Amino acid sequence: LRKLEEVVGWCEKRGIWVVVDMHQDLWAQPFGGDGAPAWMTRDDLVHPNARLEPWSLNYFTTEVMYNFDQLWQKETNQVKFRRAWLTVVRRLMKSEAVVAYDLFNEPAPGSYRPDLFENDLLEPFYSKLIAEIRTVDPDRMIWLEPAVQTSTGLPSFLSKPFAARNLAYASHFYDPIIQLGMGYQGKIPAALGYARMQAEATLLEMPLVVGEWGTFLDHRQAPEYIEDQASLQEELMIPGALLWNYDPDPDSSTTLEKDRFDPYN
C-alpha cells in the first residue's frame, strides 16, 4: 500500500491519470500468473502445477478453475475481497490522479458456463462491491469488466443495467487472428469486436472504454496494427482505450505471460 501511494504520488506530480486495477492473470503466482495472495490460494490439488502454452489455456486447469470457483461460491471469500478493495480506496481516494477503480481484471468463470456465470455470479459480485466502495468514495468512476472470454471477441452475457451510476464498461480486446499466430489480416476482427462491445455497453447503459488492447506482432506489422486500431477507435468514437503494455524485460518475469511488446524499437 505504501508503494502504491508512492507511485500514485509520482503520477500526480507529473499530471498522469491513474486507473487502479485489481489485476490478476491465472489467479496467482503458483500457476504461472499473478494476483491473489497465498492465503487465498489452494495449491495442493495437482503436482506439479500445469504449465500449458499458450499461457491462457491455464485458465482451464484444475487448480486455476478451483480457486476461481472458491471466490464465486464463498461469500466469506468475497467479503475479504471487498475489504481489500475498501482498504485500497481509503488509501488512494484523496489523490486527484486517481480517476477510476477497475474492479477485477478479466474475471474467469472457473468451472461455470460463461452465460450462467456472468448473470448469476459476476453481476451480484460486482453490485455488492460497488455498493461498498460507494460508502467510502461516492463519486469516482468505477470500471467493470465482463468475463475473460470477451477479450478475444466472444460476447458478454451481462444483460441488464446496474443500479449504480458513474460506471464504465471496460471490456478488453485482442485480435483472435493474431492470437492464433496468423499475423495481421486487417481491421475486420477489430471492427466486429468494437461494434459488439459498443452494443453491450449500450445495453448496460454505460460508456465504453477499451480497458486493454494491443498486439505482440513484430516490428514489421505492429505499427500498422496499432495505427489501424487507433483509427478505428476514433471513427467509432470510443471514449477511451488503454494500450497494453511495454515490458522492457519480460524474461525476468515469473509469469507465463511474456509481454514482448516493443514494436517501435
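Position numbers for residues start from 1 in each chain and track the written sequence from start to end. Residue-level local features of this predicted model are given only where pLDDT is at least 70; pairs of side-chain atoms are given and counted only at 80 or more, and the full residue set underlies all totals for whole chains, interfaces and linings. The basis for every side-chain value is the complete set of non-hydrogen atoms in the structure, without hydrogens or water.

A closer look at the overall build of the protein
Piece 1. A tally of regular secondary structure across the protein gives 7 helices and 7 strands.
Piece 2. Secondary structure elements are defined from DSSP: runs of H or I of at least 4 residues count as helices, runs of E of at least 2 residues count as strands, and each element is numbered from the N terminus. Secondary structure elements in the protein, listed N-terminal to C-terminal, are α-β-α-α-β-α-β-β-β-α-α-β-α-β.
Piece 3. For the protein, whose C-alpha radius of gyration is 18 Å, the value lies close to the compact-globule estimate of 18 Å for 265 residues.
Piece 4. Along the longest, intermediate and shortest principal axes, the C-alpha atoms of the protein span 50 × 45 × 40 Å.
Piece 5. Relative accessibility thresholds used throughout: buried, under 20% of the residue-type maximum; exposed, over 50%; partly exposed, between the two (1.4 Å probe, protein chains only). Taken across its 265 residues, the protein has 47% of its residues classed as buried.
Piece 6. In this analysis, two residues are considered to be in contact whenever any of their non-hydrogen atoms come within 4.5 Å of each other. In the protein, of all internal contacts separated by at least 6 residues, the share reaching a separation of at least 24 is 69%.
Piece 7. Accessible surface is estimated by sampling points in the Shrake-Rupley manner with a 1.4 Å probe; for residues, cover comes only from the protein chains shown. As displayed, the protein has an accessible area near 13,500 Å², and 58% of this comes from carbon and sulfur atoms. Every radius of gyration here is taken over C-alpha atoms, with the globule rule written as 2.2 Å times N^0.38, N being the number of residues.

Section: the packing of aromatic side chains
Piece 1. Stacked, edge-to-face and tilted labels apply to pairs of Phe, Tyr and Trp rings (six-membered ring for Trp) whose centres lie within 6.5 Å, assigned for plane angles under 30 degrees, over 60, and everything in between, in that order. For the coordinates displayed, the defined rule picks out 16 aromatic pairs.
Piece 2. Their ring planes at 45° and their centres at 6.2 Å tell us that Y59 and F68 sit as a pair that is tilted.
Piece 3. For Y59, a relative accessible area of 8% gives the class buried.
Piece 4. For F68, a relative accessible area of 0% puts it in the buried group.
Piece 5. Put simply, the rings of W27, W55, Y59, F68, W72, F81, F104, F117, F125 and Y126 touch in pairs and so form one group of aromatic residues.

Structural notes on the environment of V7
Piece 1. As for its position among the elements, V7 is in helix α1 (residues 2-13).
Piece 2. In the structure, V7 is positioned 101 residues away from A108 in sequence and 28 Å away in space, judged by C-alpha atoms.

Points about helix α6 (residues 188-204)
Piece 1. Multiply 1.5 Å by the residue count of a helix minus one, and that product is the helix's expected span. Along its 17 residues, α6 runs 25 Å from first to last C-alpha, staying within 8% of the 24 Å computed at 1.5 Å per residue.
Piece 2. Of all the residues in α6, the buried ones are A190, G193, Y194, R196, M197, E200, A201 and L204. Buried residues in α6, looked at end-on, bunch into an arc of 160°, giving them a common side. Across from the buried face of α6, at angles greater than 90 degrees, the exposed residues are I188, L192 and T202.
Piece 3. The elements touched by buried residues of α6 are β4 (167-169), β5 (172-173), β6 (209-213) and α7 (222-235).
Piece 4. Note on α6: the residue one or two positions beyond its end, E205, has a positive phi of about 60°. The reported arc concerns the directions from the helix axis to the C-beta atoms and nothing else.

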